Amino acid sequence: MQPDPEFVHWLFATGFLILGVCLLAEAVVGPDVWGRRAWRAYLWPGAALILGIFLWPVMLLFTSSTLHMIAHSAWAQVLMLAGGAELALARGKLSSRYWHLTIALAFLVSGAASLIHEQNDWLFSRSAFVHHAMGWVMIGGALFPLARTFRPRSFALGAGFAATFLVVSVLLYTHRDVAEIFGHLSPVAGAPRR
Amino acid sequence: MAGATPGSLMRAEPSTLETPRARSSIRARAISGIGPLTVLAGVLWAFAQPYRVTILHPRGQGFWWLAVEPPLLVILVGVLFGLVLAPGLLEDLQEEDR
């Protein structure tokens, strides 16, 4: 009954897509309109926290290597930290804007985790390519939450932040357990799937 | 203001008043477009890779292939955004204009 890794990637892609469209909408309407209804203010931090929680079963069930377990648990921790800090900021339990830096930290650690736990080259298989690309997108994307901490009303930074989630979502949807990438597939990767 | 005629003042006035409204209208259109565009992306994907929509040919498919169908998930996200999030946002944008 345990799903193949590709299904897990697609489910997380859906989570990232939900976050991406919500953050894009927030960037479009601005924080004042977005914050008019309390539940909307909790939407993105709550989703980040839930994604972090769901990374724990991924860590427990997909134990193909120690590196995978460490990467997934590090990712789970920073996502939960960022989600929790954002929830506390939305609720007013935290007030310092510097807590928003936890999102940049989550992006950096998640990107590094994605890069480090992928031991194969970019063109080994599509899975390898997706993890390399996702890692660098997240590390580059960390600039948006970093800058947004100091300029929270910037449309460009908000849209860039949302776009990072949307790009990661697309990458996760393209993930296959064994498939070629740009015509390349290592012979040791196994038989390609449809 | 020495060279300004009453006519030119009248022409200038509405533009300054309309700017926030025009901006709000662009924002409203953008919000209205996010859901349908997401649905469109899912539909195009379903046509491009129909084998990913296993509900069309469910025989012999395992549980996960039937439960997780990426193009349908994308469509679902678009529909949920359009039905749950967009109406409230458009209402709040209108209220901001008043």
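Being a predicted model, the structure only gives us computed values, none of them experimental.

1. Overview of the overall build of chain A
Move 1: Scanning chain A for helices and strands turns up eight helices and zero strands.
Move 2: Along chain A, helices and strands appear, N-terminal first, in the series α-α-α-α-α-α-α-α.
Move 3: Relative to the 2.2 N^0.38 estimate, which gives 16 Å for 194 residues, the radius of gyration of chain A is 17 Å and therefore close to what a compact globule would have.
Move 4: With respect to the principal axes defined by its C-alpha atoms, chain A has extents near 55 × 30 × 25 Å.

2. Here's the deal with the pattern of salt bridges
Move 1: Taken as a whole and assessed by the stated rule, the structure comprises eight salt bridges over all chains.
Move 2: Close ionic contact of Glu26(A) with Arg148(A) constitutes a salt bridge, the shortest N to O distance being 4.0 Å. Of this pair, Glu26(A) sits in helix H1 (residues 5–29) while Arg148(A) sits in helix H7 (residues 143–150), and the two are 122 residues apart along the sequence. Summarising the burial analysis for this pair, Glu26(A) and Arg148(A) share the class buried.
Move 3: For the salt bridge of Arg40(A) with Asp92(B), the shortest nitrogen-to-oxygen distance reads 2.5 Å. Taken together, the residues span two chains, with Arg40(A) in helix H3 (residues 38–61) and Asp92(B) in helix H3 (residues 70–97).
Move 4: On the basis of relative accessible area, Arg40(A) is assigned to the buried category, the value being 0%.
Move 5: Accessibility expressed as a relative area gives 3% for Asp92(B), which makes it buried.

3. Points about the nonpolar core
Move 1: Formed by 57 residues in total, the largest nonpolar core has its most connected members in Trp44(A), Phe165(A), Tyr173(A) and Ile31(B).
Move 2: Ranked by residue count, the leading element in this core is H1(A), at 14 residues.

4. Thoughts on the interface of chain A and chain B
Move 1: Taken together, the contacts link 28 residues of chain A with 27 residues of chain B.
Move 2: For the pairing of chain A and chain B, the buried interface totals around 2600 Å² over both sides, and the portion due to carbon and sulfur atoms is 73%.
Move 3: Along the contact surface separating chain A from chain B lie four salt bridges.
Move 4: For the salt bridge of Glu95(B) with Arg36(A), the shortest nitrogen-to-oxygen distance reads 3.5 Å.
Move 5: Counting across the interface, chain A meets chain B through five residue pairs in polar contact (both at pLDDT 80 or more).

What counts, and where the lines are drawn
- Residues numbered from 1 in each chain as written.
- Chains lettered and ligands numbered in written order.
- Predicted model: local features only at pLDDT ≥ 70, side-chain atom pairs only at ≥ 80, totals over all residues.
- Heavy atoms only, no water.
- Helix = DSSP H or I, 4+ residues; strand = E, 2+ residues; numbered from the N terminus.
- Rg over C-alpha atoms; globule rule 2.2 N^0.38 Å.
- Salt bridge = Lys/Arg side-chain N within 4 Å of Asp/Glu carboxyl O.
- Buried < 20%, exposed > 50% of the residue type's maximum accessible area, 1.4 Å probe, protein only.
- Core = buried A, V, L, I, M, F, W, Y, C linked by side-chain atoms within 4.5 Å.
- Contact = heavy atoms within 4.5 Å.
- Buried area = accessible area lost by both parts, 1.4 Å probe.
- Polar contact = N/O pair within 3.5 Å; in protein donor to acceptor, adjacent residues only side chain to side chain.

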